[in-house]
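One letter stands for each residue in the lines below.
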Amino acid sequence: MVEVRLEGVTKRFGRVTAVNNVNLTFGDGEFTALLGPSGSGKSTILYLVAGIYKPSKGRIYFGDRDVTDLMPNERNIGLVFQNYALYPHMTVYDNIAFPLKLRKTPPEVIRDKVLEVAKFLHIHELLDRYPAQLSGGQQQRVALARALVKEPEVLLLDEPLSNLDALLRIKIRSELKRIQKELGVTAIYVTHDQSEALAMADKVVVINRGVIQQEAPPDTIYNEPRNVFVASFIGSPPANIFPATMDYTEEPCINLPGGTRHCVEDEYAGVLWRMKPSKVIVGFRPEHAEIVENPVDGRPVIVGEVYTVEPLGRENIVTVASEDIHLKVITPPEVRPEAGELVYVAVEKGKLMLFDPQTEVNLRYIAREWSQGG
Amino acid sequence: MGEGIGEGGPLVRGSMGIVIILALLIASLPIIMTYSTLILTSFANTIVSSPWVKFRFTLENWRLFLEGKLAPTAGVVYTPEDILRFIVNTAIVAGGVTLVVLAASVTSAYAFSRMNFFMRSGMMKLLILLHAFPGVALIVGVYAIYVFLNSYIPRDYSVYYSFIFVIIARASLEIPMAIWILKGFFDRVPWELEWATIVDGGSRLTALRTAVLPLVKPGIAAVAIFAFLAGWEDLIYVLVFLPPHEKTLATYIESQLGSGTLETTYLPVVAAAGTLYLIPTIIFFVVTQRLLLETMSGGLKG
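Source: prediction; values computed, not measured.

Reading the values: the criteria
Residues numbered from 1 in each chain as written. Chains lettered and ligands numbered in written order. Predicted model: local features only at pLDDT ≥ 70, side-chain atom pairs only at ≥ 80, totals over all residues. Helix = DSSP H or I, 4+ residues; strand = E, 2+ residues; numbered from the N terminus. Contact = placed C-beta atoms within 7 Å. Buried ≥ 20, exposed ≤ 12 C-beta atoms within 10 Å, placed from the backbone. Nonpolar A, V, L, I, M, F, W, Y, C, P; charged D, E, K, R; others polar. Domains from an automatic or database assignment. Axes fitted to C-alpha atoms, helices over the stretch in contact; angles between N-to-C directions. Parallel < 35°, antiparallel > 145°, perpendicular 65-115°, else oblique. Left-handed = near helix turned anticlockwise from the far one by under 90°. Pairing = 2+ DSSP bridges. Expected span 1.5 Å × (residues − 1). Bend = angle between axes of the 7 residues up to and from the residue.

1. Quick word on the overall build of chain A
Argument step 1. The secondary structure content of chain A amounts to 10 helices and 20 strands.
Argument step 2. The C-alpha extent of chain A, read off along each of the three principal axes, is 80 × 50 × 35 Å.
Argument step 3. Of the contacts made within chain A by residues no fewer than 6 positions apart, 65% connect residues no fewer than 24 positions apart.

Here's what the structure looks like:
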């Protein structure tokens, strides 16, 4: 198949910059998720790759081929729209056959190919129906079949699951990934649903306000968010983020809310010594903390009062108020403190994240850039 | 919407149904009366002006009308009128207006809906203003254009010229509203459908033809009906611009009822003309109403 490369791509709509100087490579045969809130520019990037939008600046390459000025139909892409965009007045068969008809493929070949892709997606019994007679999941498959029938080099998916109900979404999610791997097609998948992105993608690209925030495998995105935005966007509930002051008497120590102190020993210590920021932004994931009765063993501990408890069956989400900061902690179902109770929130060792208060970049990444820079 | 009036229980449906039918009957009684008077008279030997008039069924009126013999009692010698020609004339004007309106409004409504150009919203407002102008008020200006252009037309072609002129002039009165109606239909077709076609390998024109137009069919049907009826019913423009001997059904009926002729006109014959005049309207409506009510949905989720 083919690798897709964006070089310095900017897209402006009037005075609004939707995509700002993006450099991005979508690996050959890889499944890449573009993840971001609505209005972040993720769909714009997809439509730039499709050729529906033209970049205001920068070039787009499919392998060695510069496709920046090519029309969508000269790019050999398959596109699945969020609303499927099936032709309502055509049968399922005609919908799938349409791209081949436009290419003036001989009718016998069209027949074979449509049947093949329909069987592959288990919709061969629906070929005589009209889109309105199909369920959401079936329409979704028809849209996918129409995109795949022309054997595209690049498969583009614009939130294809967002109109399906939750159960179906999880089912099709795994199926979609299987299909993509089986065909080995380069896939770009736009979503605002982080669980979809983390579950399906080989690589996740987090975008906000037209700028790439982080580009990494799902594990890294989750465990080592590059900045405050990624940390607060990924996770359900997202990471707890709050500011804290520092002091550097013997070791770099963070003054946590509630009056406790935590002295940093791990890889953050070196950066802190060098930068000596008077403040940092602290973050940790709700699932990386627990509620304890006594602060023990050098774990970072925050003192607070239980604010609410939300039992979810498999787990509880406990909100703890400390000073004016609300922290969320995921606890096992049997841990159910009373509201108003005084508790300690202990964060797992090595799971505390520190961010530069100015740039909001994870200090760990700053440390790495330094060590790489020499 | 599931709890609508028509979907209540059997009891509600029964009594409500009767009330609704009664109300509709009363509301439409005057219209039903006039039309049934007209149609009955055309098949009767006298004017059927009330349910108690005794009349005999006859096709004589239709024969006289189609032969162009309009004043059978007058006993004067005159040349019969060429009714077939009037019918063809009416069809030419109505069909021509329909074609011109469709060609102009489909393309411009698509442009107004899909493209960005200088003064787009200003022009949309201007269209409403244009629609608000009564056609009669414009006739002086339109006549001036007619006369001006006519001086360049060879005499032999002036009949064709006046037909084309009537069609275009009458169509222009309908176009602003047609554009508004169609733009509404185009606006409801999602961009993605066109994009899908373009990604699948079609041009923008292919997308318009294969993806968009089938979805705005109800709008096109509505516009076509209005345009056809406007042409079919038009009196003033035809009267002013067509040569006196090229009548349409509307101007023909008018000429029979006009000042000075009403006394000598045998009204049952005119009733036959009026009935014939109604038929295309009814046919056109029956043919297109399925399209009008047809809603295309599904395959698209917003």
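2. Remarks on the overall build of chain B
Argument step 1. Per the secondary structure count, chain B includes 12 helices and 0 strands.
Argument step 2. The secondary structure elements of chain B, listed N-terminal to C-terminal, are α-α-α-α-α-α-α-α-α-α-α-α.
Argument step 3. Buried positions account for 29% of the 302 residues belonging to chain B.
Argument step 4. Considering only contacts in chain B between residues 6 or more positions apart, those separated by 24 or more positions represent 72%.

3. Focus: the interface of chain B and chain A
Argument step 1. Chain B puts 21 residues into the contact, and the matching count from chain A is 24 residues.
Argument step 2. For the side of chain B that touches chain A, the elements supplying multiple residues, two or more each, are α7 (191-199) and α8 (204-212) of chain B.
Argument step 3. Broken down by element, the side of chain B that touches chain A gets its largest block of residues, 6 residues, from α7 of chain B.
Argument step 4. Residue classes in the side of chain B that touches chain A are distributed as 11 nonpolar, 7 polar and 3 charged.

4. Observations regarding the domain arrangement of chain B
One widely used convention gives an interface's size as the accessible area the parts lose upon coming together.
Argument step 1. Each assigned domain of chain B is listed with its residue range as follows: domain 1 (5-58) and domain 2 (83-249 + 288-301).
Argument step 2. Measuring from the centre of the C-alpha atoms in domain 1 of chain B to the corresponding centre in domain 2 of chain B gives 35 Å.

5. Things to note about the packing of helix α4 (residues 120-132) of chain B against helix α6 (residues 158-187) of chain B
Residues and elements named next belong to chain B.
Argument step 1. At their nearest, the axes of α4 and α6 sit 8 Å apart, and the two run at 135 degrees to each other. Judged on the interaxial angle alone, α6 and α4 are oblique. As α4 packs across α6, the resulting crossing turns out to be left-handed. On α6, the residues touching Leu127, Leu130 and His131 of α4 are Pro176, Met177, Ile179 and Trp180.
Argument step 2. When its residues are assigned to classes, the contact of α4 with α6 shows 6 nonpolar, 1 polar and no charged.

6. A look at the sheet that holds strand β13 (residues 261-263) of chain A
Residue and element names in this part refer to chain A.
Argument step 1. Strand order in this open sheet of 5 strands is β13-β12-β11-β14-β20, and the pairing throughout is antiparallel. With one partner strand each, in any of the chains shown, β13 and β20 (353-355) form the two edges of the open sheet. Strand-to-strand twist in this sheet, taken as the mean axis angle between neighbours without regard to direction, amounts to 40 degrees.
Argument step 2. Bridge count between strand β12 (residues 253-255) and β13: 3 bridges; the pairing is antiparallel. If you follow Ile254 over to β13, its bridge partner there is His262.

7. Remarks on the sheet that holds strand β9 (residues 203-208) of chain A
Within a beta sheet, neighbouring strands are joined by backbone hydrogen bonds and run either parallel or antiparallel to one another.
Residues and elements named next belong to chain A.
Argument step 1. Read across the sheet, 6 strands follow the order β6-β7-β8-β3-β9-β10 without closing on themselves; strand pairing throughout is mixed. Looking at which strands have only one partner, the edges of the open sheet turn out to be β6 (77-80) and β10 (211-216). Put simply, the sheet's adjacent strands are angled 15 degrees from each other on average, direction ignored.
Argument step 2. The sheet contact formed by β6 and strand β7 (residues 154-158) spans 4 bridges and is parallel. Bridged to Leu79 within β7 is Leu156.
Argument step 3. Contacts between helix α4 (residues 136-148) and the sheet are confined to β6 and β7, with β6 contributing the most and set at about 170 degrees to the helix.

8. Here we look at helix α9 (residues 217-233) of chain B
Argument step 1. For α9 of chain B, with 17 residues, the first-to-last C-alpha span of 24 Å sits near the 24 Å given by 1.5 Å per residue.
Argument step 2. The complete set of buried residues in α9 of chain B reads Gly219, Ile220, Val223, Ala224, Ala227, Phe228, Ala230, Gly231 and Trp232 of chain B.

9. Side note on the packing of helix α3 (residues 83-114) of chain B against α9 of chain B
Residues and elements named next belong to chain B.
Argument step 1. At a closest axis distance of 8 Å, the pairing of α3 and α9 adopts a crossing angle of 145 degrees. Read as a crossing pair, α3 and α9 show a hand that is right-handed. Contact residues: Thr90, Val93, Ala94, Gly96, Val97, Thr98, Val101, Leu102, Ser105 and Val106 in α3; Ile220, Val223, Ala224, Ala227, Phe228, Ala230, Gly231 and Trp232 in α9.

10. Some thoughts on the pairing of strand β3 (residues 31-35) of chain A
Residue and element names in this part refer to chain A.
Argument step 1. When you tally the buried positions in β3, you get 5 out of 5 residues, the bulk of the element.
Argument step 2. Every second residue of β3 is oriented toward a common face, with Phe31, Ala33 and Leu35 on one face and Thr32 and Leu34 on the other, all of them buried.
Argument step 3. Where β3 lies against strand β8 (residues 186-191), 5 bridges are found, and the strand directions are parallel. Counterpart to Ala33 in the pairing with β8 is Tyr189.
Argument step 4. Of the pairings in the sheet, the one linking β3 to β9 comprises 4 bridges and is parallel in character.

11. Structural notes on α6 of chain B
Argument step 1. Taking 1.5 Å per residue as the helical rise, α6 of chain B with its 30 residues ought to reach 44 Å, and the 42 Å between its terminal C-alpha atoms agrees with that figure.
Argument step 2. When the local axis directions of α6 of chain B are compared, the greatest deviation, roughly 40 degrees, occurs at Glu174 of chain B, which is followed within four positions by the proline Pro176 of chain B.

12. A look at the pairing of strand β4 (residues 57-62) of chain A
Residue and element names in this part refer to chain A.
Argument step 1. In the sheet, strand β1 (residues 4-13) pairs with β4 via 5 bridges, with the strands oriented antiparallel. The residue bridging Glu7 from the neighbouring strand is Arg59, located in β4.
Argument step 2. Across 2 bridges, β4 lies against strand β5 (residues 65-66) in antiparallel orientation. Along β5, the bridge assignment pairs Tyr61 with Asp66.

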